[in-house]
Amino acid sequence: MKKQLDLSLYLVLDPVLCGGIEGMVRTTDLAVKNGVTAVQLRSEHSLNRKQWYEAGLALKQLLSSTSVPLFINDQVDVALAVDADGVHVGQSDLPVDVVRRLIGADKFLGLSVSNLAELNNVPWNLVDYLGIGPVFPTTSKTNAAPALGVAGLQTLVAQKCCPAVAIGGINSSNLAPVVQTGVEGVAVVSAICGQVDIAQVTKQLMTQISGAK
Ligand SMILES: Cc1ncc(COP(=O)(O)OP(=O)(O)O)c(N)n1
Ligand SMILES: Cc1nc(C(=O)O)sc1CCOP(=O)(O)O
Ligand SMILES: [Mg+2]
């Protein structure tokens, strides 16, 4: 059955920061128990294709008894192989119409945008949500676009025609003005992955998101 899409606190996993596949599963377990509402498997370089599949399967199994959807970054075949709930693609990945054709109507599809030109080209009828960023400088993505700042994010949010998460450099010290732009949620990597007390930082982020709305 299709899960609900709640973007409030969206965890984007990093196998290096989490300490491998087991670390990602442990991080996800603690984060979901403490409020994370969506999870994405993402790896820039550290997983081979078999490990992508194994990590996807383990996460799918963990999340299958929860209301939290699993997204796979970039790799449509892995998403289909593990029956993930959705796929997240960016401007340099497979085109959205192709991804939609491959995954069908029932899976979620997220698309990254970093500027107004990209926003103006979004096929709104094909995507379920946008990832808008980076809002702030980030060390978790190589070759990230220039940071938008809160004002730049606000400009894009004002023109969006579907739900959106803000992403890039967001943590408990800067999330309030981000949430107040009207995004449906925030996506984080390093604010959760690799933190010593995953439960505590997740609870703190959720409390701050609720307080800022
Ligand atoms: C929720 C969310 N938003 C944006 C991104 C970035 O996607 P992309 O631009 O394709 O870059 P990579 O993540 O593939 O390096 C994301 N992954 N998730
Ligand atoms: C995966 C990703 N995408 C971005 C974008 O702007 O599209 S920024 C980013 C990394 C976010 O990591 P952190 O929360 O550690 O800054
Ligand atoms: Mg991508």
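Structural data are supplied above this passage.
Residue positions within a chain follow its written sequence, with the count starting from 1. Lettering for chains starts from A, numbering for ligands starts from 1, and both go in the order in which the items are written. Only residues with pLDDT of 70 or above have their local features reported here, since the model is predicted, and side-chain atom pairs are shown and tallied only from 80 upward, although totals for entire chains, interfaces and linings are computed over all residues.

1. A word on the site of ligand 1
Placing a C-beta atom from the backbone of each residue, we mark the residue near a molecule or strand if the atom is within 6 Å of it. Around ligand 1, 18 residues are found, and the nearest of them are Gly90, Ser112, Gly131, Ile167 and Ala187. In this text, helices come from DSSP runs of H or I with a minimum length of four residues, and strands from runs of E with a minimum of two, each type numbered from the N-terminal end. Those elements that place two or more of their residues in the shell around ligand 1 are strand 1 (9–12), strand 4 (86–89), strand 5 (108–113) and strand 7 (164–167). Amino acids are sorted into nonpolar (Ala, Val, Leu, Ile, Met, Phe, Trp, Tyr, Cys and Pro), charged (Asp, Glu, Lys and Arg) and polar (every other residue, Gly among them). Of the residues belonging to the shell around ligand 1, the class tally is six nonpolar, eight polar and four charged.

2. Remarks on the pairing of strand 6 (residues 129–132)
The side-chain alternation of strand 6 yields two buried faces, one formed by Tyr129 and Gly131 and the other by Leu130 and Ile132. Strands qualify as paired when DSSP identifies two bridges or more between them. For strand 5 and strand 6, the ladder comprises four bridges, and the chain directions are parallel. Residue pairing for strand 6: Gly110 is matched across the bridge by Tyr129. Pairing of strand 6 with strand 7, which is carried by three bridges, proceeds in the parallel orientation. Directly across from Leu130, in strand 7, lies its bridge partner Ala164. As a crossover connection, the stretch from strand 6 through helix 7 (residues 149–158) into strand 7 is right-handed. Three exposure classes are used. Buried residues have 20 or more other C-beta atoms within 10 Å of their own C-beta, exposed residues have 12 or fewer, and partly exposed residues fall in between, all C-beta atoms being placed from the backbone. Looking down the strands as they point away from you, a crossover is right-handed if its path from the first strand over the helix to the second goes clockwise.

3. So, the environment of Val188
One can find Val188 in strand 8 (residues 185–188). Taking the number of C-beta atoms within 10 Å as the measure of exposure, Val188 has 28 and is therefore buried. Residues in contact with Val188, not counting those within four places in the same chain, are Leu11, Val12, Ile170 and Asn171. We call two residues in contact when the distance between their C-beta atoms, placed using the backbone, is within 7 Å.

That's the geometry; what it means functionally is another story.
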